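So the chains spell out like this:
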Amino acid sequence: MMQAAREAVAYAAHSLGFSGIGVADAHAAQGTQLRDWVAAGCHAGMAWMERHLPARLNPDLILPGVSRVIMLTYEYARTDARETPGAIARYAQGEDYHKLLAGKLADLDETLSFYGGTQRCFTDSGPVSERFFAARAGLGWIGRNGLLIREKRGSYCFLASILTTLELPTDTPAANRCGNCHRCELACPTGALHGGCCDARRCLSYWTIEAKDAPPPDIAARQHHHLYGCDACQSACPWNSTASATAQRIDPHLLMPAPLRSLPPQALAEMTPAAFDHLLNGSPIHRIGLEHLKRNLGNMS
Ligand code: B12
Ligand code: SF4
Ligand code: SF4
């Protein structure tokens, strides 16, 4: 019965466009990394990371009776971020993935309910250690850039998680293939990567997307061409340059619309609130607001 449920959800996931699926034990020991990271203040101004800590470390607080975490990958664009008006991180070039994936996850929830399961589904939206469970579910390994890397597909993917009460068969974790490579650490413009973890206090992704305040001068001076998010530690990774052609089938909803692609950064700087709403409605960029976007533009060099 559980094998049948596993096969049914895998079949449904692939037909919905997910590129990978794996299953991990919901109670696998997460180690001390997350707690240490928060204790050291690496979460910067993301106070919710601290609040979510108990649930992150104990999935029963999210779904009582949880048995497994089903992890899924969904590919996003691999286009050169420099082709966009200011480098917009690849993950944010198309529509908001939270909305795009929510409907697909609801379909998978329904499939699992048919087998008697109760589920909670998330994509970057809940207190779930998505990279940890993805690695445990055999989808790839956590690289020195902190991201989940797949041997044949690299790291350009969203992760989504389904907590379920069903006792599905689990997968075997994959071996870490970073070896002696340190390219991501060397490529990081701000020196944010240490020991396989990213210190958000130094990360351009944090400062250009999450931070309420302006970045300190030494970070602003290193923002260079980054307008929204940062892909430097992924662009440098050899597993992304050798990712197979089969990984290039990208959902058209995640590709940048032509009007935005051809917009000069200066036009963004002069944009009115109405034009911002019109052009970026439905994009993850809309979430940060026009003022934050203009602040990012002001720090670019
Ligand atoms: C907070 C957050 C951020 C913060 C902090 C970054 C960070 N390094 O954590 C900021 C805003 C800076 C950020 C930036 C980015 N993010 Co982000 N972010 C998250 C979020 C919400 C939580 C991450 C977190 O908890 N970090 C704290 C660390 C300590 O915890 P962790 O990542 O879970 O790490 C675990 C492992 O390190 C594990 N571990 C590692 N090694 C080992 C070994 C052993 C033996 C054990 C037991 C455990 C273990 O222990 C930790 C705890 O479980 C996740 C979504 C989610 N809910 O997980 C997305 C997420 C990680 N982000 C994502 C993305 C795409 C990005 C960016 C690439 C966006 C961009 N282009 O600008 C950058 C990349 C920066 C980087 N190099 O990490 C994707 C990653 C996809 C992937 N392939 O891995 C996620 C999964 C969102 C999603 N659902 O798709 N992000
Ligand atoms: S996203 Fe950019 S700033 Fe953040 S760790 Fe990666 S390379 Fe460094
Ligand atoms: S650049 Fe090298 S060290 Fe960094 S994640 Fe990729 S393989 Fe690992």
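Residues numbered from 1 in each chain as written. Chains lettered and ligands numbered in written order. Predicted model: local features only at pLDDT ≥ 70, side-chain atom pairs only at ≥ 80, totals over all residues. Heavy atoms only, no water.

As summarised here, the arrangement of the four strands in space is E1-E2-E7-E4, forming an open sheet in which the pairing is antiparallel. Edge positions in the open sheet fall to strand E1 (20–25) and strand E4 (119–122), since each of these has one partner strand only. Between one strand and the next, the sheet's axes are offset by a mean angle of 20°, whatever the strand orientation. Of the pairings in the sheet, the one linking E4 to strand E7 (residues 157–164) comprises four bridges and is antiparallel in character. (Pairing = 2+ DSSP bridges. Helix = DSSP H or I, 4+ residues; strand = E, 2+ residues; numbered from the N terminus. Axes fitted to C-alpha atoms, helices over the stretch in contact; angles between N-to-C directions.)

Attention now moves to the site of ligand 3. Around ligand 3 lies a shell formed by Gly143, Arg144, Asn145, Ile149, Cys178, Cys181, Arg183, Cys184, Cys237, Pro238 and Trp239. Secondary structure elements with two or more residues in the shell around ligand 3: helix H7 (183–187) and helix H11 (238–241). Across the shell around ligand 3, the residue classes tally to seven nonpolar, two polar and two charged. (Near = heavy atom within 4 Å. Nonpolar A, V, L, I, M, F, W, Y, C, P; charged D, E, K, R; others polar.)

Here we come to the pairing of strand E2 (residues 68–75). Of all eight residues in E2, eight are buried, a share of seventy percent or more. Because side chains alternate across E2, one face comprises the buried residues Arg68, Ile70, Leu72 and Tyr74, and the other comprises Val69, Met71, Thr73 and Glu75, equally buried. Bridge count for E1 against E2 is six bridges, and the pairing is antiparallel. The partner of Ile21 across the bridge, within E2, is Leu72. (Buried < 20%, exposed > 50% of the residue type's maximum accessible area, 1.4 Å probe, protein only.)

Quick look at the nonpolar core now. By size, the foremost hydrophobic cluster in this structure holds 48 residues, and its most contacted members are Phe18, Leu72, Tyr91, Leu108, Phe158, Tyr228 and Leu293. Elements with a contribution of two residues or more to this core: helix H1 (2–15), E1, E2, helix H5 (97–114), E7, strand E10 (226–228), helix H14 (273–280) and helix H15 (289–299). Once you skip the residues sitting within four places of it in the chain, Leu108 turns out to touch Val9, Ala12, Ala13, Leu16, Phe18, Leu72 and Ile162. (Core = buried A, V, L, I, M, F, W, Y, C linked by side-chain atoms within 4.5 Å. Contact = heavy atoms within 4.5 Å.)

The immediate surroundings of ligand 1 are formed by 39 residues, with Arg56, Glu130, Asn145, Leu148 and Ser205 found nearest. Val128 has a polar backbone atom sitting 2.9 Å from a nitrogen atom of ligand 1. Between ligand 1 and Leu159 there is a distance of 2.8 Å, counted from a nitrogen atom to a backbone nitrogen or oxygen. Elements that contribute at least two residues to the shell around ligand 1 include exactly helix H2 (33–39), helix H3 (47–51), helix H6 (130–136), E7, strand E9 (197–198), helix H8 (204–210) and helix H10 (232–235). Of the residues assigned to the shell around ligand 1, the class counts are 22 nonpolar, eleven polar and six charged. (Polar contact = N/O pair within 3.5 Å; in protein donor to acceptor, adjacent residues only side chain to side chain.)

Here the structure, examined in full by the defined rule, presents ten salt bridges. Across the salt bridge formed by Asp25 and Arg68, the nearest N and O atoms sit 4.0 Å from each other. With Asp25 in strand E1 and Arg68 in strand E2, this pair connects stretches of sequence that are 43 residues apart. When its relative accessible area of 14% is taken as the criterion, Arg68 is described as buried. The salt bridge involving Arg150 is made with Glu75; its shortest N-O contact spans 3.0 Å. Taken together, the residues span a long stretch of sequence, with Arg150 in the loop between strand E6 (148–149) and E7 and Glu75 in strand E2 at a distance of 75 residues. Each member of the pair Arg150 and Glu75 is classed as buried. Put simply, Glu75, Arg78, Arg150 and Arg153 are held in one network by salt bridges that share partners. (Salt bridge = Lys/Arg side-chain N within 4 Å of Asp/Glu carboxyl O.)

With that settled, consider unusual backbone geometry. If a residue is not glycine, its phi is most likely negative; likewise, a peptide bond is most likely trans. Even without glycine at this site, Asp124 takes up a positive phi of about 60°. Examined against the element boundaries, Asp124 turns out to sit in the loop between E4 and H6. For Asp124, a relative accessible area of 47% translates into the label partly exposed. Although it is not a glycine, His224 adopts a positive phi angle of roughly 45°. Assessed through its relative accessible area of 34%, His224 is described here as partly exposed.

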